[in-house]
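Secondary and tertiary structure notes
Letter by letter, the chains look like this.
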Amino acid sequence: MHQLLLLNQTSSVDEYTSKLDNLRHQILLADLHTSEVFFVERYIAGLRPKIRSAVILHQPEDVDT
C-alpha cells in the first residue's frame, strides 16, 4: 500500500499503468474489498498534470477506462 501511495508517473503512461496494476494486484490479494474508486483516484493523482487533467474530464469508473 505504501508503494502505491508514493507511485507517480515518471516515464510513459504504459509503464506507470503497469506498475500500478502490479501493486493493485498485490493489494487485492491481501484485501479483496479494496475499493475500485480508491485505485482510480490513486491512478489519477499519480499522473503528470497535463495527462491528469485530460483523464479527469472523462470521469473514469475504473483504472482500465
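Residues numbered from 1 in each chain as written. Predicted model: local features only at pLDDT ≥ 70, side-chain atom pairs only at ≥ 80, totals over all residues. Heavy atoms only, no water.

**Brief notes about the overall build of the chain**
For the chain, the helix and strand inventory stands at four helices and zero strands. With the C-alpha coordinates aligned to their principal axes, the bounding extent of the chain is approximately 35 × 25 × 15 Å. Across the chain, the fraction of contacts at a sequence separation of at least 24, relative to all contacts at a separation of at least 6, is 55%. Placing the 6 positive and 9 negative side-chain charges of the chain at their respective mean positions leaves the two points 12 Å apart. (Helix = DSSP H or I, 4+ residues; strand = E, 2+ residues; numbered from the N terminus. Contact = heavy atoms within 4.5 Å. Lys, Arg positive; Asp, Glu negative; His and termini not counted. Charge placed at Lys NZ, Arg CZ, Asp CG, Glu CD.)

**Let's talk about helix H2 (residues 13-30)**
Spanning 18 residues, H2 covers 26 Å between terminal C-alpha atoms, matching the ideal 26 Å at 1.5 Å per step. Tucked into the core, H2 has its buried residues touching helix H1 (2-6) and helix H3 (36-46). (Expected span 1.5 Å × (residues − 1).)

**A short note on the packing of aromatic side chains**
Applying the stated criterion across every chain, the model contains two aromatic pairs. Aromatic pair Phe 38 and Phe 39: ring centres 5.5 Å apart, planes at 65°, arrangement edge-to-face. The aromatic ring of Phe 39 is capped on one face by Arg 24, whose charged end is 5.6 Å from the ring centroid. (Phe/Tyr/Trp six-rings, centres within 6.5 Å; stacked < 30°, edge-to-face > 60°. Lys NZ or Arg CZ within 6 Å of the ring centre and 35° of its normal.)

**A short note on the confidence of the model for the chain**
Confidence along the chain averages 95 in pLDDT terms, with 100% of residues attaining 70 or more. Of all secondary-structure elements in the chain, the lowest mean pLDDT belongs to helix H4 (residues 49-58), at 95, while H3 reaches the highest, 97. (pLDDT = per-residue confidence, 0-100.)

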